[in-house]
Amino acid sequence: MENSDIKRFQQLMEELYGIRDKRRGIEKTLLWLLTEVGELMKAYLKDDITEMKGEVADIFAWLSSTCNLLKIDLAEVSWEKYPLNCPKCCNNPCNCPEL
Ligand SMILES: [Zn+2]
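About the cut-offs
- Sequence positions are assigned chain by chain, starting from 1 and proceeding in written order.
- Confidence filtering applies because this is a predicted model: local features only for residues at pLDDT of at least 70, side-chain atom pairs given and counted only at 80 or more, and all residues used for totals across whole chains, interfaces and linings.
- Strands are runs of DSSP state E lasting at least two residues, helices are runs of H or I lasting at least four, and both sets are numbered from the N terminus onward.
- The burial criterion counts other C-beta atoms lying within 10 Å of a residue's C-beta, which is placed from the backbone; the residue is buried at 20 or more, exposed at 12 or fewer, and partly exposed between these limits.
- Here the contact rule is simple: place C-beta atoms from the backbone, and any two residues whose C-beta atoms are within 7 Å are in contact.
- Axes here refer to lines fitted to C-alpha atoms; in helices the fit is confined to the stretch in contact. Angles between the N-to-C directions go from 0 to 180 degrees.
- For classification purposes, angles smaller than 35 degrees are called roughly parallel, those larger than 145 roughly antiparallel, those between 65 and 115 roughly perpendicular, and all remaining angles oblique.
- Each helix crossing is assigned a hand: it is left-handed if the near helix lies turned anticlockwise from the far helix by less than a right angle, otherwise right-handed if that turn is clockwise.
- Put simply, Ala, Val, Leu, Ile, Met, Phe, Trp, Tyr, Cys and Pro go in the nonpolar bin, Asp, Glu, Lys and Arg in the charged bin, and everything else, Gly too, in the polar bin.
- In a helix, the anticipated span is given by 1.5 Å times the number of residues less one.

Colleague: Just checking my understanding: could you explain the overall build of the protein for this structure?
Modeller: For the protein, the count of helices and strands is 4 helices and 0 strands. Element order for the protein, N to C, with α for helix and β for strand: α-α-α-α. A principal-axis box enclosing the C-alpha atoms of the protein has dimensions of 45 × 35 × 25 Å. Counting over 99 residues, the protein shows a buried share of 12%. For the protein, the proportion of contacts with a sequence separation of at least 24, taken over those separated by at least 6, is 56%.

Put into C-alpha coordinates, the structure is as follows:
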(Lines give C-alpha, C1' and ligand atoms only; values in the text may rest on other atoms or scores of the structure.)
Protein backbone atom coordinates (compact mmCIF):
# COMPACT_ATOMS: atom_id res chain seq x y z
CA MET A 1 0.00 0.00 0.00
CA GLU A 2 1.36 3.39 -0.98
CA ASN A 3 1.79 6.03 1.70
CA SER A 4 -0.87 8.23 0.05
CA ASP A 5 -3.37 5.33 0.04
CA ILE A 6 -3.03 5.01 3.81
CA LYS A 7 -3.48 8.78 4.18
CA ARG A 8 -6.57 8.73 1.96
CA PHE A 9 -8.08 5.86 3.93
CA GLN A 10 -7.47 7.64 7.24
CA GLN A 11 -9.03 10.81 5.80
CA LEU A 12 -12.04 8.80 4.60
CA MET A 13 -12.54 7.40 8.11
CA GLU A 14 -12.45 11.01 9.40
CA GLU A 15 -15.12 12.01 6.86
CA LEU A 16 -17.33 9.00 7.57
CA TYR A 17 -16.94 8.64 11.32
CA GLY A 18 -15.01 11.63 12.70
CA ILE A 19 -17.98 13.20 14.50
CA ARG A 20 -19.14 9.87 15.95
CA ASP A 21 -15.55 8.96 16.94
CA LYS A 22 -15.22 12.23 18.90
CA ARG A 23 -18.54 11.61 20.66
CA ARG A 24 -17.49 8.03 21.56
CA GLY A 25 -14.04 9.04 22.74
CA ILE A 26 -10.64 7.40 22.70
CA GLU A 27 -11.17 4.71 25.36
CA LYS A 28 -14.30 3.20 23.77
CA THR A 29 -12.70 3.45 20.33
CA LEU A 30 -9.67 1.53 21.59
CA LEU A 31 -12.02 -1.10 23.04
CA TRP A 32 -13.63 -1.51 19.61
CA LEU A 33 -10.18 -1.92 18.06
CA LEU A 34 -9.31 -4.64 20.58
CA THR A 35 -12.68 -6.33 19.98
CA GLU A 36 -11.99 -6.49 16.25
CA VAL A 37 -8.56 -8.05 16.88
CA GLY A 38 -10.32 -10.71 18.99
CA GLU A 39 -12.78 -11.31 16.15
CA LEU A 40 -9.88 -11.77 13.71
CA MET A 41 -8.44 -14.43 16.05
CA LYS A 42 -11.83 -16.21 16.18
CA ALA A 43 -12.11 -16.11 12.36
CA TYR A 44 -8.56 -17.48 12.09
CA LEU A 45 -9.33 -20.33 14.49
CA LYS A 46 -12.38 -21.18 12.33
CA ASP A 47 -10.12 -21.01 9.24
CA ASP A 48 -12.67 -18.66 7.66
CA ILE A 49 -10.71 -16.50 5.19
CA THR A 50 -13.76 -14.46 4.14
CA GLU A 51 -14.39 -13.50 7.74
CA MET A 52 -10.66 -12.83 8.32
CA LYS A 53 -10.66 -10.37 5.39
CA GLY A 54 -13.62 -8.53 6.88
CA GLU A 55 -11.98 -8.38 10.29
CA VAL A 56 -8.65 -7.00 9.04
CA ALA A 57 -10.58 -4.26 7.22
CA ASP A 58 -12.43 -3.47 10.47
CA ILE A 59 -9.14 -3.41 12.40
CA PHE A 60 -7.65 -0.98 9.90
CA ALA A 61 -10.76 1.21 10.08
CA TRP A 62 -10.76 1.29 13.90
CA LEU A 63 -6.99 1.90 13.98
CA SER A 64 -7.52 4.81 11.59
CA SER A 65 -10.29 6.21 13.82
CA THR A 66 -8.00 5.85 16.84
CA CYS A 67 -5.25 7.76 15.02
CA ASN A 68 -7.74 10.47 13.99
CA LEU A 69 -8.74 10.98 17.62
CA LEU A 70 -5.08 11.09 18.71
CA LYS A 71 -4.15 13.40 15.78
CA ILE A 72 -1.60 10.83 14.60
CA ASP A 73 -0.78 10.50 10.89
CA LEU A 74 -0.83 6.69 10.56
CA ALA A 75 1.07 6.63 7.26
CA GLU A 76 3.71 9.07 8.42
CA VAL A 77 4.49 7.34 11.74
CA SER A 78 4.40 3.88 10.14
CA TRP A 79 6.85 4.74 7.39
CA GLU A 80 8.98 6.66 9.86
CA LYS A 81 9.21 3.71 12.28
CA TYR A 82 9.42 1.05 9.54
CA PRO A 83 11.39 2.51 6.65
CA LEU A 84 12.65 0.28 3.85
CA ASN A 85 14.84 -1.66 6.27
CA CYS A 86 14.23 -3.22 9.70
CA PRO A 87 14.64 -0.37 12.24
CA LYS A 88 16.69 -2.62 14.56
CA CYS A 89 19.10 -4.52 12.31
CA CYS A 90 18.79 -2.23 9.25
CA ASN A 91 18.40 -5.26 6.95
CA ASN A 92 15.70 -6.16 4.42
CA PRO A 93 14.54 -8.80 5.14
CA CYS A 94 15.04 -8.52 8.88
CA ASN A 95 17.97 -10.46 10.30
CA CYS A 96 17.20 -9.96 14.02
CA PRO A 97 17.14 -12.98 16.35
CA GLU A 98 13.62 -14.50 16.25
CA LEU A 99 11.29 -13.86 19.21
ZN1 LIG B 1 15.78 -6.77 12.15
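There is more to say, and it comes next.
Colleague: So what exactly am I meant to see when it comes to unusual backbone geometry here?
Modeller: With an omega of 5 degrees, the peptide bond between N92 and P93 qualifies as cis. You can see P93 is positioned in the segment after α4 (74-81). Backbone geometry at D47 places phi at a positive 55 degrees, although glycine is not the residue there. With respect to the helices and strands, D47 occurs in the loop between α2 (26-45) and α3 (49-70). With 8 C-beta atoms counted inside 10 Å, the residue D47 sits in the exposed group.

Colleague: I would appreciate a short explanation of the packing of α2 against α3 in the present structure.
Modeller: When two helices pack together, their arrangement is captured by the angle between the axes and the distance separating the axes. Closest axis-to-axis distance for the α2/α3 pair is 9 Å, and the angle between their directions is 165 degrees. What the angle tells us is that α2 and α3 run roughly antiparallel. In this structure, the crossing between α2 and α3 has a hand that is left-handed. Contacts between α2 and α3 pair I26, T29, L30, W32, L33, E36, V37, E39, L40, A43 and Y44 from the former with E51, M52, E55, V56, D58, I59, W62, L63, S65, T66, L69 and L70 from the latter. Class assignment of the residues belonging to the contact of α2 with α3 gives a composition of 15 nonpolar, 3 polar and 5 charged.

Colleague: Any chance you could explain α3 here in plain terms?
Modeller: Structurally, the α-helix is built with 3.6 residues per turn, so residues lying three or four positions apart point the same way. A rise of 1.5 Å per residue sets the reference length of α3, with its 22 residues, at 32 Å; its end C-alpha atoms lie 31 Å apart and thus fit the reference within 8%. For α3, every residue scored as buried is listed here: E55, W62, S64, S65, C67 and N68. Looking at the residues trailing α3, positive phi occurs at K71, about 55 degrees.

Colleague: What am I meant to see in the environment of N68 here?
Modeller: Summarising the element assignment, N68 is placed in helix α3. Under the C-beta neighbour-count criterion, N68 is labelled buried, with 20 such atoms within 10 Å. Sequence spacing of N68 and G18 is 50 residues, and the spatial spacing of their C-alpha atoms is 7.5 Å.

Colleague: Please explain the environment of Y82 as it appears in this structure.
Modeller: You can see Y82 is positioned in the segment after α4. For Y82 and L34, which are 48 residues apart along the polypeptide, the C-alpha to C-alpha distance reads 22 Å.

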